[in-house]
Amino acid sequence: MSISEIECFGPIVSQTRELVEQQLERYLRLDSGCPEHLASAIHYSLMSSGKRLRPLLVLAAAHVCDGHIPDALPAACAVEMIHTYSLIHDDLPAMDDDDLRRGQPSCHLAFDEATAILAGDALIPLAFEVIARDIRPAEIALRCVSELAIASGASQLVGGQADDLQLQHLNIDLAHLEEIHRRKTGALFTVSLRMGCICAQGTPQQLESLSDYGKHLGLAFQITDDLLDLSGDEVKIGKRTGKDSKRGKRTYPELIGVQASKKLASDAAENAIQSLACFNQVADDLRRFAKFVVNRNF
């Protein structure tokens, strides 16, 4: 994501993205017990030109709940580690079999399949180590560990991916498709916002509002992703386009058509914005973010 694209979200996001990059680099100073080729594969995947949307949501949520942004930085980095591990594994031949990720060869092609699997494996415990060690007080760290574990586990992120693979050639309705992507895509958006609120020790009302925002935002993001697979620019997107239709994969445009998909994405973004009604202008970055998601070209 370019500087101009970051700035459309407002000053908080543009100032904090660099904090995320710097902290991720620090967390990748692994000790000598990590083999060099494995460390290289982890760094290659985590420090590629990712958009950092999920960590930015963590920090934006902390900000709107009057929290101290550095306190939420470990959670922001942890969710990016989980997201990156999921991308490494999703790209494998046994899964989505993608050869391009974030504008560069997928990890299993840049290194090898076994190293890619292990790089993804290593990022999972590193994410929870970061939260357990660096978030204070301990009860906040415990809540974040629990939230991220559930969101990335068998009933959410992993379960959504399993269903996506299992059902991609079957006839399913819109409600079923939304349920899959609520877990596969939406779970990490929602937990990012929840962890930001938790780190800021936000109120139950703030936590509920941000959770609703994340649910609608995840839907808007996934629908737009499906649309970009049809007509997006591979250079800007950083991954192959047209692959979903070639595989007969169930997508929103395939199920309800392009125009109806655009309307559904726009409605989801508006619902996300409405979820922020309990916040004043402090949440304007998040409001801009929801609008940007459905108009993005990457």
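## Quick look at the overall build of the protein
Thinking step 1. For the protein, the count of helices and strands is 17 helices and 2 strands.
Thinking step 2. When burial is assessed residue by residue, the protein has 56% of its 298 residues classed as buried.
Thinking step 3. Considering only intrachain contacts with a sequence separation of at least 6, the fraction spanning at least 24 residues in the protein is 73%.
Thinking step 4. Of the roughly 12,800 Å² of accessible surface on the protein, 52% is carried by carbon and sulfur atoms.

## What to know about the nonpolar core
Thinking step 1. The biggest cluster of nonpolar side chains holds 84 residues, and the ones touching the most others in it are Met 81, Leu 148, Leu 210, Tyr 213 and Leu 286.
Thinking step 2. A total of 12 residues in this core trace back to one element, the largest contributor, which is helix 5 (residues 69-90).

## Looking at the packing of helix 7 (residues 113-134) against helix 8 (residues 138-151)
Thinking step 1. For the pair helix 7 and helix 8, interaxial distance at closest approach is 8 Å and the crossing angle is 160 degrees. Judged by the inter-axis angle, helix 7 sits roughly antiparallel to helix 8. Of the two possible hands of crossing, helix 7 and helix 8 adopt the one that is right-handed. Across the interface between the two elements, Phe 128, Ile 131 and Ala 132 of helix 7 pack against Ala 141, Cys 144, Val 145, Leu 148 and Ala 149 of helix 8.
Thinking step 2. When its residues are assigned to classes, the contact of helix 7 with helix 8 shows 8 nonpolar, no polar and no charged.

## What to know about the pattern of salt bridges
Thinking step 1. Counted under the stated rule, the structure contains 15 salt bridges.
Thinking step 2. Glu 129 is paired through a salt bridge with Arg 133; the nearest N and O atoms lie 2.7 Å apart. Placement of both Glu 129 and Arg 133 in helix 7 is noted, with a separation of 4 residues, approximately one turn of the helix.
Thinking step 3. With a shortest N-O distance of 2.8 Å, Lys 184 and Asp 164 are connected by a salt bridge. In this pair, Lys 184 is assigned in helix 10 (residues 174-184) and Asp 164 in helix 9 (residues 157-167), connecting sequence segments 20 residues apart. For the pair Lys 184 and Asp 164, one class covers both residues: buried.
Thinking step 4. Here the salt bridges do not stand alone but share partners, grouping Arg 17, Glu 21, Arg 52 and Glu 80 into one network.

About the cut-offs
Residues numbered from 1 in each chain as written. Predicted model: local features only at pLDDT ≥ 70, side-chain atom pairs only at ≥ 80, totals over all residues. Heavy atoms only, no water. Helix = DSSP H or I, 4+ residues; strand = E, 2+ residues; numbered from the N terminus. Buried < 20%, exposed > 50% of the residue type's maximum accessible area, 1.4 Å probe, protein only. Contact = heavy atoms within 4.5 Å. Areas by Shrake-Rupley, 256 points an atom, 1.4 Å probe, with all protein chains shown as cover. Core = buried A, V, L, I, M, F, W, Y, C linked by side-chain atoms within 4.5 Å. Axes fitted to C-alpha atoms, helices over the stretch in contact; angles between N-to-C directions. Parallel < 35°, antiparallel > 145°, perpendicular 65-115°, else oblique. Left-handed = near helix turned anticlockwise from the far one by under 90°. Nonpolar A, V, L, I, M, F, W, Y, C, P; charged D, E, K, R; others polar. Salt bridge = Lys/Arg side-chain N within 4 Å of Asp/Glu carboxyl O.

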